Amino acid sequence: MKQKVFNALIGIGVALLLGAVLLILQGYNPLETYQALFEYSLFGYYPFATTLRNAVPLVLPGLSAAIAFASGVVNLGQPGQLVMGALFATVGGLYLDLPPALMIPVLALLAMLGGMLWAGIAALLRRFFDMSEFIVTLMLNMIADYFTAWAITEPFKDPTAFSPMTPQITQNGWLPKWGEFNSMILFMLAAVLVSWFVFNRWKAGYEWRITGQNALFARLGGCNINRNFMSVMLMTGALAGLAGGLVVMGGTHRFIRGLGANYAWDGVMIAIVANNGILATFLYGLFFSAIQTGALGMELITSVPNEISQVLQAVLVLVIVASREYLNTLVEQISARRRAREART
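Trainee: Account for the overall build of the protein, with residues named and values stated.
Mentor: Looking only at helices and strands, one finds 13 helices and 2 strands in the protein. Taking 20 Å as the expected radius of gyration for a compact globule of 345 residues, we find that the protein reaches 22 Å, a close match to that expectation. Seen along its three principal axes, the alpha-carbon backbone of the protein occupies a region of about 80 × 60 × 35 Å. Residues classed as buried in the protein amount to 48% of the 345 residues present. Taking contacts inside the protein between residues at least 6 apart in sequence as the whole, the part at least 24 apart equals 75%. Only carbon and sulfur atoms are counted for the fraction: they give 66% of the accessible area of the protein, which is about 17,400 Å². For the protein, the separation between the mean place of its 20 positive charges and that of its 16 negative charges on side chains is 14 Å.

Now the structure itself:
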């Protein structure tokens, strides 16, 4: 664990240094830029609360991708599952009339159901027709985009709006806020804890991890590969769908065109950077959210273009992922040499 934290800190440090070099080459002061970046994302109640809120649609798809990849399942359908979850939550919020104590959990469950159903299509096609979930989930993303665009343009469109969007959901389905603190953060924390418990303490999670490391060994050991595959697809679909539902319930309160943005793909990127670790995905999600949140303040204070934050994210991904194995090998070599010296003495 200490080695993973050390490697992560080294990777982040190197990436920030490379980012500083790029800023200098462009004629900007890296110290002022980084100060503004993190001042508007981490330092202060409002910036930190905003970073936490913006982390929700990054962390949940990230958890979805991390669990899938670590289980040997190539689920790349998070974008489609996110928007389907958002659509299910929106439709529920338009037509159901329940008190807030019931409405909020019902809409969250509907969002998870939307993501599960969309992931379940790919799972069934793999189960009965041996179709690669890698290809199917990618194609389903496009279908989900077109389907939700049709839904908010035709049957569920707000007749008073000038662009495709639904009416606002009932206020009973709005997530409560305490100042700048949005309660969607509580859903994110609960999802992280449940995902960690299932993946690391439950028998099913153990079988998923073993299958991801060696499917043949898992099969010979008695694991039901087909059942586990279906379970992983449904759970990861539910996490991505929940992200979409929370964006509606805690943010826009309606389904608007482009609601999914790049949240899901950023989540997949975060899972890769985190090497499919549950807690690591959560922490990296917060870090990338801080960069994205602070970019606006950085541009306002230092005149550094907002696009620099995207370059910094790309550098972070490349450096952390590329250096991971090298750092692991280097640390192991240093440790082996130290033990050899101790043995000789």
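Trainee: Before we move on, could you go through the packing of helix α2 (residues 30-39) against helix α12 (residues 278-302) and cite the residues and values that matter?
Mentor: Two numbers describe how α2 lies on α12: the axes approach to 6 Å, and their chain directions differ by 120°. Overall, the two elements α2 and α12 adopt an arrangement that is oblique. Crossing hand, α2 versus α12: right-handed. In contact with Glu 32, Thr 33, Ala 36, Leu 37 and Phe 38 of α2, α12 contributes Phe 287, Ala 290, Ile 291, Gly 294, Ala 295, Gly 297, Met 298, Ile 301 and Thr 302. The residue inventory of the contact of α2 with α12, partitioned by class, reads 9 nonpolar, 4 polar and 1 charged.

Trainee: If you had to explain α12 to someone new, which residues and values would you point to?
Mentor: Over its 25 residues, α12 extends 35 Å from the first C-alpha to the last, a length consistent with the 36 Å expected when each residue adds 1.5 Å. In the segment just after α12, Ser 303 is the residue with positive phi, at about 65°.

Trainee: Mind laying out the packing of helix α3 (residues 45-70) against helix α10 (residues 225-252), listing which residues take part and the relevant values?
Mentor: Axis separation between α3 and α10 bottoms out at 9 Å; the angle between their running directions is 175°. Comparing the axis directions of α3 and α10 gives the class roughly antiparallel. Within the contact between the two elements, α3 uses Val 56, Pro 57, Leu 60, Pro 61, Leu 63, Ser 64, Ile 67 and Ala 68 and α10 uses Val 232, Met 235, Thr 236, Gly 237, Leu 239, Ala 240, Leu 242, Ala 243, Leu 246 and Val 247. Its residues assigned to classes, the contact of α3 with α10 shows 15 nonpolar, 3 polar and no charged.

Trainee: Which residues make up the environment of Thr 148, and what values go with them?
Mentor: In this fold, Thr 148 is placed in helix α6 (residues 133-153). Taking relative accessible area as the criterion, Thr 148 reaches 4% and is therefore assigned buried. Between the alpha carbons of Thr 148 and Pro 47 there is a distance of 32 Å; along the sequence they are 101 residues apart. Ignoring sequence-local partners within four residues, the contact set of Thr 148 consists of Val 83, Met 84, Leu 87 and Phe 255. Among the polar contacts made by the side chain of Thr 148, one reaches the main-chain carbonyl oxygen of Asp 145 at a distance of 3.1 Å.

Trainee: Can you lay out the pattern of salt bridges for me, pointing to particular residues and giving the numbers?
Mentor: Summed over all chains, the structure comprises 3 salt bridges. Between Glu 133 and Arg 126 there is a salt bridge whose closest N-O contact spans 2.6 Å. On the basis of relative accessible area, Arg 126 is assigned to the partly exposed category, the value being 30%. Here Arg 254 makes a salt bridge to Asp 158, at a shortest N to O gap of 3.3 Å. In this pair, Arg 254 sits in the loop between α10 and α11 (263-273) while Asp 158 sits in the loop between α6 and β1 (177-178), placing the two residues 96 residues apart along the sequence. On the basis of relative accessible area, Arg 254 is assigned to the buried category, the value being 17%. In this structure Asp 158 comes out as buried when scored by relative accessible area, which is 11%.

Trainee: Tell me about the packing of aromatic side chains, and please be specific about residues and values.
Mentor: The final tally for this structure, using the stated rule, is 5 aromatic pairs. Pairing Tyr 95 with Phe 156 gives two aromatic rings, centres 6.3 Å apart and planes at 65°, and the pair type is edge-to-face. Of this pair, Tyr 95 sits in helix α4 (residues 78-95) while Phe 156 sits in the loop between α6 and β1, and the two are 61 residues apart along the sequence. Since its relative accessible area comes to 57%, Tyr 95 is described here as exposed. With a centroid separation of 6.2 Å and an interplanar angle of 90°, the aromatic rings of Phe 287 and Phe 288 are classed as edge-to-face.

Trainee: So, the confidence of the model for the protein: which residues are in play, and what are the values?
Mentor: Residues at a pLDDT of 70 or more form 98% of the protein, whose mean pLDDT is 90. Within the protein, the lowest mean pLDDT, 78, falls on helix α13 (residues 307-344), and the highest, 97, falls on α4.

Trainee: Give me the lowdown on a nonpolar patch on the surface, citing residues and values where you can.
Mentor: The grouping of Phe 6, Ile 10, Val 14 and Leu 18 at the surface amounts to a nonpolar patch, some 310 Å² of accessible area in total. Following the sequence through the fold, Val 14 ends up in helix α1 (residues 2-25).

Trainee: So what's going on with the nonpolar core? Residues and values would help.
Mentor: With 55 residues, the main nonpolar core has Leu 60 and Leu 63 as its most contacted residues. Going through the elements one at a time, α3, α4, α5 (100-129), α6, α7 (184-201), α10 and α12 are the ones with two or more residues in this core. The leading source of residues in this core is α10, at 11 residues. Sequence-distant contacts of Leu 60, that is, excluding residues within four places in its chain, are made with Met 188, Ala 191, Leu 239, Leu 242, Ala 243 and Leu 246.

Cut-offs used in this document
- Residues numbered from 1 in each chain as written.
- Predicted model: local features only at pLDDT ≥ 70, side-chain atom pairs only at ≥ 80, totals over all residues.
- Heavy atoms only, no water.
- Helix = DSSP H or I, 4+ residues; strand = E, 2+ residues; numbered from the N terminus.
- Rg over C-alpha atoms; globule rule 2.2 N^0.38 Å.
- Buried < 20%, exposed > 50% of the residue type's maximum accessible area, 1.4 Å probe, protein only.
- Contact = heavy atoms within 4.5 Å.
- Areas by Shrake-Rupley, 256 points an atom, 1.4 Å probe, with all protein chains shown as cover.
- Lys, Arg positive; Asp, Glu negative; His and termini not counted.
- Charge placed at Lys NZ, Arg CZ, Asp CG, Glu CD.
- Axes fitted to C-alpha atoms, helices over the stretch in contact; angles between N-to-C directions.
- Parallel < 35°, antiparallel > 145°, perpendicular 65-115°, else oblique.
- Left-handed = near helix turned anticlockwise from the far one by under 90°.
- Nonpolar A, V, L, I, M, F, W, Y, C, P; charged D, E, K, R; others polar.
- Expected span 1.5 Å × (residues − 1).
- Polar contact = N/O pair within 3.5 Å; in protein donor to acceptor, adjacent residues only side chain to side chain.
- Salt bridge = Lys/Arg side-chain N within 4 Å of Asp/Glu carboxyl O.
- Phe/Tyr/Trp six-rings, centres within 6.5 Å; stacked < 30°, edge-to-face > 60°.
- pLDDT = per-residue confidence, 0-100.
- Patch = residues over 30% accessible without salt bridge, like charges linked within 9 Å, V, L, I, M, F, W, Y side chains within 5 Å.
- Core = buried A, V, L, I, M, F, W, Y, C linked by side-chain atoms within 4.5 Å.

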